Amino acid sequence: QVQLVESGGGLVQPGGSLRLSCATSGTGFSIYIMGWYRQAPGKQREMVARISSGGSTNYADSVKGRFTISRDNAGNTVYLQMNSLKPEDTAAYYCNVYATLAPYEYWGQGTQVTVSS
């Protein structure tokens, strides 16, 4: 099994910044895609950003230019640097990983991000 541990959520004022982290652990697998999704109350979960093992990234249009996804050199931890936060960024943020070990797709427990004055 692949374990995911998220951290870094919290309350921030509009225009502020937060950095989310998601650390993976376990043995006997490789990870090839890591990403962040979010879900606001009453809305569907949506992709925020993803990064491949080769470093290719893609972002939701709503966060382009404000959020940056990255991985550590070992490829075990993924980060989401969120700048210029807006109230509409308020949501539970979930780490998502595709690995070579069944069931192949894994989700973190979620971390709350609240943007409010």
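Residues numbered from 1 in each chain as written. Predicted model: local features only at pLDDT ≥ 70, side-chain atom pairs only at ≥ 80, totals over all residues. Heavy atoms only, no water.

Caption draft 1: View of the sheet that holds strand E3 (residues 18-25). Reading across the sheet, the four strands line up as E1-E3-E8-E7 and stay open at both edges, with antiparallel pairing between neighbours. Two strands bound the open sheet, and with one partner strand each, they are strand E1 (3-7) and strand E7 (67-71). Here the average twist between neighbouring strands, direction ignored, is 15°. Bridge analysis of E1 against E3 gives five bridges, and the strand direction is antiparallel. Residue Val 5 lies in a different strand from E3, and its bridge partner there is Ala 23. (Pairing = 2+ DSSP bridges. Helix = DSSP H or I, 4+ residues; strand = E, 2+ residues; numbered from the N terminus. Axes fitted to C-alpha atoms, helices over the stretch in contact; angles between N-to-C directions.)

Caption draft 2: Highlighting the pairing of strand E4 (residues 31-39). Note that E4 and strand E9 (residues 91-99) share eight bridges and pair antiparallel. If you follow Trp 36 over to E9, its bridge partner there is Cys 95. Relative to strand E5 (residues 46-52), E4 runs antiparallel, the two sharing six bridges. When the bridges of E5 are listed, Tyr 37 appears paired with Met 47. Here E4 folds back onto E5 in antiparallel fashion, the turn holding six residues, of which Gly 42 has a positive phi close to 80°.

Caption draft 3: Focus on the pattern of salt bridges. Summed over all chains, the structure comprises four salt bridges. One salt bridge in this structure joins Arg 38 and Glu 46, with 2.7 Å as the shortest N-O distance. Arg 38 sits in the buried class, given a relative accessible area of 6%. A single salt-bridge network, built from bridges that share partners, covers Arg 38, Glu 46, Arg 66 and Asp 89. (Salt bridge = Lys/Arg side-chain N within 4 Å of Asp/Glu carboxyl O. Buried < 20%, exposed > 50% of the residue type's maximum accessible area, 1.4 Å probe, protein only.)

Caption draft 4: Inspection of the state of the cysteines at higher detail. This structure, assessed with the given rule, holds one disulfide. The side chain of Cys 22 participates in a disulfide bridge whose partner is Cys 95; the two sulfur atoms lie 2.1 Å from each other. Handedness of the Cys 22-Cys 95 disulfide follows from its S-S torsion of about -85°: it is left-handed. With Cys 22 in strand E3 and Cys 95 in strand E9, this pair connects stretches of sequence that are 73 residues apart. Each member of the pair, Cys 22 together with Cys 95, is buried. (Disulfide = S-S within 2.5 Å.)

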